[in-house]
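# Coordinate analysis (summary)
One letter stands for each residue in the lines below.
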Amino acid sequence: MACTIMAMYEYDCEFERLNEEIARRSAKKVGIQLPAGMKRLAAEIAENLSKCGVEVIISGNSCYGACDIDENLAAVVDVLFHFGHSPVRTHLNVVFVELRCTIDVKPAVEEALKYLNGSRICITTTVQHVHTLNEVAELLIRSGRHPIIGKVGKKGNEVGGVHAIYDGQVIGCDLRAAMVECDEILFVGSGDFHPTAIAMNVCKRVVSADPFTRRVGVFTPENLIKKRILRVERAMSASSFGIIVSSKSGQFNMQIARNIREKAEKRGIRSFIIMIDDIREEALCNFDLDAFVITACPRLVDTLSVEKPVLSVREFEIVMGERKLDELIPKPNTRAPGNAHAS
Ligand code: SF4
């Protein structure tokens, strides 16, 4: 039976392709998974897919990125449609749906132009708006600026695991598209997650343009980097560490955790490997430990609001004396090997 193909809010849900996938796989059970900000689309997507005569099961679990496939749901359905992220890994029964957004980015970008100080502007965005980058570049040219769209290179040639696949695309753990010679960076998209990561890791002023609210944000690296230095300094007096391992398959780094524990124990620091599925504040705050190291998503250290210091692996190495504190201050316009991932 044919599915109804309809525009879903301002996103392209690619129902025609999903319908073909269902038919090609003779699927009877279909799972759908969306990140938090897009879960509002779940009911309508499920209703549309159900018209194909399939049973639809929605993942209610957290979904932070393309690294975060609901493996349990994938195991009980014929196909899992993972929405909102560009594809990163080959899963036999997982299909990625990028949810390209049809909203007009022009009004937000025109507003953002008022806040840009430099002339060479690197344009970045998420996969939802990546098809609008040429239009954004045109707007910059018309305002007398020089737009730059950062190349991300071939899939997997610089970064392992999760990575951006389109020029100009950034994800929290892959900021290569922003690591170019420029004065400032324009980010087209919603929320603070990406512009904060760029400002802090690329050490540039970032102006964000939210196409939905038309709000403009300005992110400067200095305060963000100061915060990072402060938490590393606080962790230097820690006598116990919780080493956090994510049980999410795309973020599971047990060997890194074991190495960290070995290093800590050599220095007489008590350390414990703690496995968590959904790494949130409440999962950490009850432990009687002085500090934590996160071996999962590198952005968690900047987004969790926990009283005790929460470090990335690189920051932990500074505490152990293996790296210098000034490594936390990125050198502008550099794309050093191994520096492409935010950490
Ligand atoms: S590791 Fe973190 S930043 Fe990277 S894709 Fe996963 S959730 Fe996003």
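Rules used in this analysis
- Residues numbered from 1 in each chain as written.
- Predicted model: local features only at pLDDT ≥ 70, side-chain atom pairs only at ≥ 80, totals over all residues.
- Heavy atoms only, no water.
- Helix = DSSP H or I, 4+ residues; strand = E, 2+ residues; numbered from the N terminus.
- Contact = heavy atoms within 4.5 Å.
- pLDDT = per-residue confidence, 0-100.
- Polar contact = N/O pair within 3.5 Å; in protein donor to acceptor, adjacent residues only side chain to side chain.
- 1 Å grid on protein atoms, 1.4 Å probe; cavity = no way out; pocket = protein on both sides within 12 Å on 5 of 7 lines; lining within 4 Å.
- Points joined across faces, edges and corners; volume = space filled by probe spheres on them.
- Phe/Tyr/Trp six-rings, centres within 6.5 Å; stacked < 30°, edge-to-face > 60°.
- Buried < 20%, exposed > 50% of the residue type's maximum accessible area, 1.4 Å probe, protein only.
- Salt bridge = Lys/Arg side-chain N within 4 Å of Asp/Glu carboxyl O.
- Pairing = 2+ DSSP bridges.
- Axes fitted to C-alpha atoms, helices over the stretch in contact; angles between N-to-C directions.

With that out of the way, let us pick up the side chain of Asp278. Among the structural elements, Asp278 can be located in the loop between strand S13 (270-276) and helix H9 (281-284). Other than its neighbours up to four places away in sequence, Asp278 contacts Ser62, Tyr64 and Ala283.

Bringing the confidence of the model for the chain into the picture now. A residue-level look at the chain finds 90% of positions with pLDDT of 70 or above and a mean pLDDT of 90. Counted against residues more than four places away or in other chains, residues 156-160, with its pLDDT under 50, gives 11 contacts. Within the model, the stretch residues 335-343 combines pLDDT values under 50 with 31 contacts to residues more than four positions away or in other chains.

As for its placement among the helices and strands, Arg205 is situated in the loop between helix H6 (193-202) and strand S10 (206-209). Sequence separation between Arg205 and Pro221 is 16 residues; the distance between their C-alpha atoms is 6.4 Å. Setting aside residues no more than four positions away along its own chain, Arg205 makes contact with Tyr115, Leu116, Asn117, Glu184, Ile185, Val218, Phe219, Thr220 and Pro221. One polar contact links the side chain of Arg205 to the main-chain carbonyl oxygen of Tyr115, over a distance of 3.0 Å.

Once that is clear, we can look at the layout of surface pockets. Here the second largest pocket is characterised by a volume of approximately 340 Å³. Around the second largest pocket sit 16 residues that line it, and Lys227, Arg231, Val301, Asp302 and Leu304 are the ones nearest its centre. Broken down by secondary-structure element, the contributors of at least two residues to the lining of the second largest pocket are H6, helix H7 (221-235) and helix H10 (300-303). The biggest single contributor to the lining of the second largest pocket is H7, with 5 residues.

So, about the packing of aromatic side chains. Using the criterion set out here, one finds 2 aromatic pairs in the structure. Considering the side-chain rings of Tyr11 and Phe212, the 6.2 Å spacing of their centres and the 40 degrees angle between planes classify their relative orientation as tilted. Taken as a pair, Tyr11 in strand S1 (residues 11-12) and Phe212 in the loop between S10 and strand S11 (216-219) lie far apart in primary sequence, 201 residues in all. Using a relative accessible area of 31% as the deciding quantity, one classes Phe212 as partly exposed.

Summed over all chains, the structure comprises 21 salt bridges. Salt-bridge contacts for Arg205 lead to Glu184; the nearest nitrogen and oxygen are separated by 2.4 Å. Taken as a pair, Arg205 in the loop between H6 and S10 and Glu184 in strand S9 (residues 184-188) lie far apart in primary sequence, 21 residues in all. Arg228 is the partner of Asp302 in a salt bridge, and the nearest nitrogen-oxygen pair spans 3.9 Å. Placement of the pair is Asp302 in helix H10 and Arg228 in helix H7, with a sequence separation of 74 residues. With relative accessibility at 24%, the residue Asp302 sits in the partly exposed group.

Attention now goes to unusual backbone geometry. Trans peptide bonds make up most of the peptide bonds, and negative phi angles are found at most residues other than glycine. At Glu14, a residue that is not glycine, the phi angle is positive and equals roughly 55 degrees. Its location among the elements puts Glu14 in the loop between S1 and helix H1 (15-24). Residue Glu14 is classed as partly exposed on the basis of its relative accessible area of 25%. Located in the positive-phi region is Ser26, a residue other than glycine, with phi close to 50 degrees. Along the chain, Ser26 falls in the loop between H1 and strand S2 (29-33).

Here we have 4 strands laid out as an open sheet, ordered S3-S2-S4-S5, and parallel in their pairing. What marks the edges here is a single partner per strand, and that holds for strand S3 (55-58) and strand S5 (94-97). Taking the axes of each pair of neighbouring strands and ignoring which way they run, one obtains an average angle of 25 degrees across the sheet. In the sheet, S2 pairs with strand S4 (residues 79-83) via 4 bridges, with the strands oriented parallel. Among the inter-strand pairings, Gly31 is bridged to a residue of S4, identified as Leu80. Across the sheet, H1 lies against S2, S4 and S5, angled at about 175 degrees from S5, the strand it touches most.

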